[in-house]
Amino acid sequence: MNAIGLYIITLQNNIFSGLFVGQNLITIQHVDSTNNFLKNLLSNSKPVTEGTVIMAESQYAGRGQQQNRWHSEPGKNLTFSLLLKPVFLPVTQQFDLTRAISLGIIEALEPILGERLKIKWPNDIYYGDKKLGGMLIENLLQGALIKNAVIGIGLNINQDAFPPHVANAVSVKQILHRDYDLRFILSEICKNIEAVYLQLRSGQFDVVRKAYLERLYWLNEVKIFKANGRLFEGKIAGVQDNGLLVIDDGGQLLNFNLKEVEFINR
Ligand code: BTN
C-alpha cells in the first residue's frame, strides 16, 4: 500500500493479445478518476508508454461528458483510461479517434451482445434504447497535433440495478443474466481498439468512417429530434468528417454540433 492508502498494481500484461494496447496495465483499487490519474502521470517527468491502461475498481469522482458525474458500482463494471499518442492525426480530424474507439468497443462486445449494440452519436454505446457505456476523450495538444489522448471508458458490465438518478442505463448482466470476467472483456476491448487504431494510423480513414456509420443508432430512421427549443421529425443522414451530425428534416440537410441537438425517445 502506498502513502495515501491506495493499492496500485502494475502488471506487465501477458494475458492481452495485442501489440501495445493494454500491455502496460495499472490496476488501482480506489481513485478519483482514472482520467485524472493518467493525466497526472503524464505531467510527471517519466514517459508513459502508448497503450498504457489505468483500470480502477472504484472511482469516487468519475467524470462523464458535459461535466456530468459517472456513477458505477465498485468492482462491478469497467472503468478505465487508455493512453494513445495519435501524433499522426491533426486536431481537425480528432473525431476519427472518437470513431475508432467507439468501433473498437462495439466490435469487442458484438460477439457477446449481437446487433442491437449501436453507437449513439457521437460516442455513447447503446443496447437497444439504453446506454451501456460511454467515453470521455481528453486530447492534450502540441500545436495542431494530438500529442496524448487520454481515453476514459466506462461500461456497465455486472451491475444488477441502477439508482433512479442514473437514467436510461443498462448493463451486460441485465441483458444476458450472467456475470462476465471484467479482465476478459477489457482484453477484448484493448485488442479491438488496437486493430481499429492501427487502421487509422495506416491512413484507412474511409474504412473506419464507413464502419462507424454502419453501427450508428437511428441511422436513416424517421425520428423526433429537438434543436433550438423546437421538436422536429427527421432522419440521420450521416456524420461529417469533422463529427457534425447531419439530419435530413425532409427538406434540407441540417448540421449539428454536440449539445445542439437532442434525441427524443417516444
Ligand atoms: C459519458 O458520460 O458517457 C462518459 C463516461 C466516461 C466514464 C469513464 S469511467 C473511466 C474514466 N474516468 C472518468 O472519470 N471517466 C471515464
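The present account deals with the structure reproduced in this document. (Residues numbered from 1 in each chain as written. Predicted model: local features only at pLDDT ≥ 70, side-chain atom pairs only at ≥ 80, totals over all residues. Heavy atoms only, no water.)

**Examining unusual backbone geometry**
1) Next: At the junction of tryptophan 121 and proline 122, the peptide bond is cis and its omega measures out at 0° in the coordinates.
2) Next: Tracing the chain through its elements places proline 122 in the loop between strand S5 (117-120) and strand S6 (124-127).
3) Next: Positioned with a positive phi, tryptophan 218 is a non-glycine residue whose angle comes to about 70°.
4) Next: Residue tryptophan 218 is classed as buried on the basis of its relative accessible area, which comes to 3%. (Helix = DSSP H or I, 4+ residues; strand = E, 2+ residues; numbered from the N terminus. Buried < 20%, exposed > 50% of the residue type's maximum accessible area, 1.4 Å probe, protein only.)

**Some remarks on the sheet that holds strand S13 (residues 262-264)**
1) Next: A sheet is described by the order of its strands in space; here five strands give the open sequence S12-S11-S10-S9-S13, paired in antiparallel fashion. The two strands at the open ends of the sheet, each matched to only one other strand, are strand S12 (253-256) and S13. Neighbour-to-neighbour, the strand axes of the sheet open up by a mean angle of 50°, direction not taken into account.
2) Next: Across four bridges, strand S10 (residues 230-239) lies against strand S11 (residues 245-248) in antiparallel orientation. Within the sheet, the bridge partner assigned to lysine 235 lies in S11 and is aspartate 248. (Pairing = 2+ DSSP bridges. Axes fitted to C-alpha atoms, helices over the stretch in contact; angles between N-to-C directions.)

**Topic: the layout of surface pockets**
1) Next: There is about 930 Å³ of room inside the largest pocket.
2) Next: Residue assignment for the lining of the largest pocket shows that the elements contributing at least two residues are helix H1 (34-43), strand S4 (78-84), S6, strand S7 (130-142), strand S8 (145-155) and S13.
3) Next: If one sorts the elements of the lining of the largest pocket by residue count, S7 sits on top with four residues.
4) Next: A breakdown of the residues in the lining of the largest pocket according to their chemical character gives 15 nonpolar, 17 polar and nine charged.
5) Next: Its volume calculated, the second largest pocket comes out at about 610 Å³.
6) Next: The wall of the second largest pocket is formed by 24 residues, among which Thr98, Pro122, Asn123, Ile137 and Leu258 lie closest to the centre.
7) Next: For the lining of the second largest pocket, the secondary-structure elements that each account for two or more residues are helix H2 (95-113) and S7.
8) Next: The element contributing the most residues to the lining of the second largest pocket is S7, with five residues. (1 Å grid on protein atoms, 1.4 Å probe; cavity = no way out; pocket = protein on both sides within 12 Å on 5 of 7 lines; lining within 4 Å. Points joined across faces, edges and corners; volume = space filled by probe spheres on them. Nonpolar A, V, L, I, M, F, W, Y, C, P; charged D, E, K, R; others polar.)

**Here we look at the pairing of strand S9 (residues 222-227)**
1) Next: With six bridges connecting them, S9 and S10 associate as antiparallel partners. Note on S10: the bridge partner recorded for lysine 223 is glycine 234.
2) Next: In the sheet, S9 pairs with S13 via three bridges, with the strands oriented antiparallel. For isoleucine 224, the partnering residue across the bridge sits in S13 and is isoleucine 264.

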